[in-house]
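So you can see what is in the structure, the chains are spelled out below.
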Amino acid sequence: MSYVPSHPAETHAGERSVGELLSAVTSDVQTLFRQEMELARTEVKQEATKAGKAAGMYGGAGFAGYMVLLFLSLAAVLGLANVMDGGWAALIVTAVWAVIAAVLYQRGRTRMRTVTPKPEQTVDTLKENAQWARHPTR
């Protein structure tokens, strides 16, 4: 019995037609694209989780700080009111808290800048894939 190709374009055992090769390459590119998109989603989710945790810490610290500052400020104003007019005592305490608020804002802003919304690893691998697609033999 002679060999009958399973596909009309296949002439010898093990040889694949150009169409089959293009189909395989297209399938591989689609798989690669899906994997890259999944990687991007994972990276964005990780960064969003980090940002969410940082925001939660800001909120908790803000509330606790508010309570502490409220009672500490009241105590400071009452203490200074024994030495000077109550209005001046309140103004001094307010100025001190304004400076502290500015420092805390700067520190929070610096930390928030460490969050990277761009999926760096995905961008790098996409660049590598594009370079490979242009020059697959390198």
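Residues numbered from 1 in each chain as written. Predicted model: local features only at pLDDT ≥ 70, side-chain atom pairs only at ≥ 80, totals over all residues. Heavy atoms only, no water.

## Re the packing of helix 1 (residues 18-81) against helix 2 (residues 86-112)
And then number 1: Where helix 1 meets helix 2, the closest approach of the two axes is 9 Å, and the angle between their N-to-C directions is 160°. Judged by the inter-axis angle, helix 1 sits roughly antiparallel to helix 2. In the crossing of helix 1 with helix 2, the sense of the turn from one axis to the other is right-handed. Where helix 1 abuts helix 2, its residues Tyr58, Leu69, Leu72, Ser73, Ala76, Val77, Leu80 and Ala81 lie against Gly86, Ala89, Ala90, Ile92, Val93, Trp97, Gly108, Arg109, Arg111 and Met112.
And then number 2: Among the residues forming the contact of helix 1 with helix 2, the class breakdown is 13 nonpolar, three polar and two charged. (Axes fitted to C-alpha atoms, helices over the stretch in contact; angles between N-to-C directions. Helix = DSSP H or I, 4+ residues; strand = E, 2+ residues; numbered from the N terminus. Parallel < 35°, antiparallel > 145°, perpendicular 65-115°, else oblique. Left-handed = near helix turned anticlockwise from the far one by under 90°. Contact = heavy atoms within 4.5 Å. Nonpolar A, V, L, I, M, F, W, Y, C, P; charged D, E, K, R; others polar.)

## Digging into the confidence of the model for the protein
And then number 1: Across the protein, pLDDT averages 83, with 88% of residues at or above 70.
And then number 2: Between the elements of the protein, mean pLDDT differs from a low of 79, seen in helix 3 (residues 120-134), to a high of 92, seen in helix 2.
And then number 3: Under a pLDDT of 50 for its full length, residues 1-7 has, in the predicted model, six contacts with residues more than four places off or in other chains. (pLDDT = per-residue confidence, 0-100.)

## Some words on the packing of helix 1 against helix 3
The angle between the axes and the distance between the axes are what describe a pair of packed helices.
And then number 1: At a minimum axis separation of 8 Å, helix 1 and helix 3 run at an interaxial angle of 160°. If you check the angle between helix 1 and helix 3, you find them roughly antiparallel. Crossing angle aside, the handedness with which helix 1 passes helix 3 is left-handed. In this structure, helix 1 contributes Leu32, Glu36, Leu39, Ala40 and Glu43 to the contact, and helix 3 contributes Glu120, Gln121, Thr122, Thr125, Leu126 and Asn129.

## Let's talk about the side chain of Glu47
And then number 1: Mapped onto the elements of the fold, Glu47 is located in helix 1.
And then number 2: Beyond its immediate stretch of four places on either side in the chain, Glu47 contacts Val115 and Thr116.

## Here's the deal with the side chain of Thr125
And then number 1: Along the chain, Thr125 turns up in helix 3.
And then number 2: We classify Thr125 as buried; its relative accessible area is 19%.
And then number 3: Only 2.6 Å separates the side chain of Thr125 from the side chain of Glu36, close enough to count as a polar contact.
And then number 4: In terms of polar contacts, Thr125 uses its side chain to reach the backbone carbonyl oxygen of Thr122, at 3.0 Å. (Buried < 20%, exposed > 50% of the residue type's maximum accessible area, 1.4 Å probe, protein only. Polar contact = N/O pair within 3.5 Å; in protein donor to acceptor, adjacent residues only side chain to side chain.)

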